[in-house]
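A look at the structure
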Amino acid sequence: MRLVKVGIVVFPGSNCDRDMHHVLRDVFGFDVQYVWHTKTVPAGTDAVVLPGGFSYGDRLRAGAIAAHSPVMSDVRRLASEGTPVLGVCNGFQILTECGILPGALLVNESLGFMCQWTDLVVENASTPFTSMLYVGQRVPIPIANGEGRYYADEDTVRDLQRGGRVVFRYADGSVNGSVGGIAGICSDDGNVVGMMPHPERAAEYETNPVDCGPARMIFESLAGYAPVQRQRQRQISHAGRVGGGEGEARP
Amino acid sequence: MRRFIVTVVIENKQGLSDPEGETILRDLVLKEGRDEASGGGAGSNGSNESGNNGCRISEIKTAKMLRMTVDSRDAESAVRDVRKVCDALHLYNPIVSMVDITAEPSP
């Protein structure tokens, strides 16, 4: 069976790309490639990760400049085709800045850079990154950001909640002023997930000796999802060839 | 063509909290007003009527400013052109911010 192939997009100023690479490759055995922001995502990539950091030094706003990077047109296309995309911290900020995910990340209510452990509560356990978690499960995980206060207007928040698109909330209320304590959301189809906390810092015993199990499940979920998605896309492609492109094959 | 200095002020939309502005008001401006009014003592009711040289400040909003040098036909064109750039490149985030653009002839 082919390994799950993951592309980690690297921008000038990304600084969690190596942590993510280590966890994806060394802990979970994925086939991982860095994708420089001026390049294209390699064909056959099963999932894309936008890691944390300070792309372009957070100039203008966190993620605002990276959102215009050439690679983002690829990310946008892959997202629309159903490829799993995970944005962590700065990656989440970039996904909102380019409009792939709704809302915005504002300066924390405390005005300070927050670097601490927190607990998340899972609200959506059906995304490619949460399918091996369960609704209500707590996930111990660190946050490390200065602009992590999720904001969206009332209508958008209502739509997110009604559509089951709030993936994670902070367990102890809103640690940074995020509306509704939202820590992570997903796209309409669920394949794009953005989250402020860092699962790559919580998914192995060495960095999370107390309880790395729940954060591991974020990556285990992807490991289980990607082959199914790959098979589905093969069937769609086959149906397109046989049926002249009409309709969609059943997965 | 003439040269203009175009000022772009980006600030949070109304109703969106501005913790930096609130902190400056609460922990500096009003506090200074209290300290002046009470001679540095505690127990003030928070009014700054007597402090800050009688300047009654009730709200502070912080903003980001971009100052651009633009060659254009006139000030209106300069503002219009810069607004297009701001919209196209999301120099401000319309979800959370509003923008005020003004132009003056370059000295």
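Residues numbered from 1 in each chain as written. Chains lettered and ligands numbered in written order. Predicted model: local features only at pLDDT ≥ 70, side-chain atom pairs only at ≥ 80, totals over all residues.

1. What about the overall build of chain A?
If you tally the helices and strands in chain A, you get 5 helices and 11 strands. The C-alpha radius of gyration computed for chain A amounts to 17 Å, which stays within 12% of the reference 18 Å derived for 251 residues, consistent with globular compactness. For the C-alpha atoms alone, the extent of chain A along its principal axes is close to 60 × 40 × 35 Å. For chain A, buried positions account for 52% of its 251 residues. (Helix = DSSP H or I, 4+ residues; strand = E, 2+ residues; numbered from the N terminus. Rg over C-alpha atoms; globule rule 2.2 N^0.38 Å. Buried ≥ 20, exposed ≤ 12 C-beta atoms within 10 Å, placed from the backbone.)

2. Let's talk about the overall build of chain B
Regarding its fold elements, chain B presents 2 helices and 3 strands. Along its sequence from the N terminus, chain B presents helices and strands in the succession β-α-β-α-β. Put simply, chain B has 107 residues, and 17% of those count as buried. Restricting to contacts in chain B with at least 6 residues of sequence separation, those with at least 24 account for 66%. (Contact = placed C-beta atoms within 7 Å.)

3. Overview of helix 2 (residues 71–80) of chain A
Residues and elements named next belong to chain A. Along helix 2, the residues classified as buried are Val 71, Met 72, Asp 74, Val 75, Leu 78 and Ala 79. Seen along its axis, helix 2 keeps its buried residues to an arc of 150°; they face one direction. Where helix 2 ends, the next residue or the one after it, Gly 82, has phi of about 100°, a positive value. (Arc of directions from axis to C-beta.)

4. A short note on the interface of chain B and chain A
Facing the 9 residues of chain B at the interface are 12 residues of chain A. The element contributing the most residues to the side of chain B that touches chain A is helix 1 (residues 19–38) of chain B, with 3 residues.

5. Focus: the sheet that holds strand 3 (residues 97–105) of chain B
Residues and elements named next belong to chain B. Taken in spatial order, the 3 strands line up as 2-1-3 in an open sheet, and their pairing is antiparallel. Each edge of the open sheet is held by one strand with a lone partner, namely strand 2 (63–72) and strand 3. Taking the axes of each pair of neighbouring strands and ignoring which way they run, one obtains an average angle of 20° across the sheet. Strand direction decides the pairing type here: strand 1 (residues 2–12) and strand 2, joined by 10 bridges, are antiparallel. Note on strand 2: the bridge partner recorded for Arg 2 is Ser 72. Packed on one face of the sheet, helix 2 (residues 75–89) meets strand 1, strand 2 and strand 3 and runs near 150° to strand 3. (Pairing = 2+ DSSP bridges. Axes fitted to C-alpha atoms, helices over the stretch in contact; angles between N-to-C directions.)

6. Describing the confidence of the model for chain B
All names here are of chain B. The share of residues in chain B with pLDDT of 70 or more is 83%, and the mean pLDDT across the chain is 87. Note that residues 41–47 has pLDDT below 50 and, in this model, 6 contacts with residues that lie over four places away or in other chains. Two numbers describe this predicted complex: its pTM, 0.87, and its ipTM, 0.76. (pLDDT = per-residue confidence, 0-100.)

7. Here's the deal with the sheet that holds strand 1 (residues 5–10) of chain A
Residues and elements named next belong to chain A. One open sheet holds the 9 strands; their spatial order is 2-1-3-4-11-10-9-6-7, and the pairing between them is mixed. Since the sheet does not close on itself, it has two edges, and those belong to strand 2 (31–36) and strand 7 (138–145), each with one partner. Adjacent strand axes in the sheet meet at a mean angle of 25° when their direction is disregarded. Across 3 bridges, strand 6 (residues 114–122) lies against strand 9 (residues 166–170) in antiparallel orientation. Counterpart to Leu 120 in the pairing with strand 9 is Tyr 170. Running over the sheet, helix 2 touches strand 1, strand 2, strand 3 (47–50), strand 4 (85–88) and strand 11 (192–195) and is turned about 125° from strand 4. Helix 3 (residues 90–97) contacts strand 3, strand 4 and strand 11 of the sheet and is inclined by roughly 115° relative to strand 4.

8. Here we look at the environment of Val 107 of chain A
Tracing the backbone shows Val 107 of chain A in the loop between strand 5 (104–106) and strand 6. Under the C-beta neighbour-count criterion, Val 107 of chain A is labelled buried, with 23 such atoms within 10 Å. When the C-alpha atoms of Val 107 of chain A and Ser 178 of chain A are compared, they prove to be 9.8 Å apart, with 71 residues separating the residues in sequence. Val 107 of chain A has contacts with Gly 146, Glu 147 and Arg 149 of chain A together with Pro 19 of chain B, leaving out every residue within four places of it along the chain.

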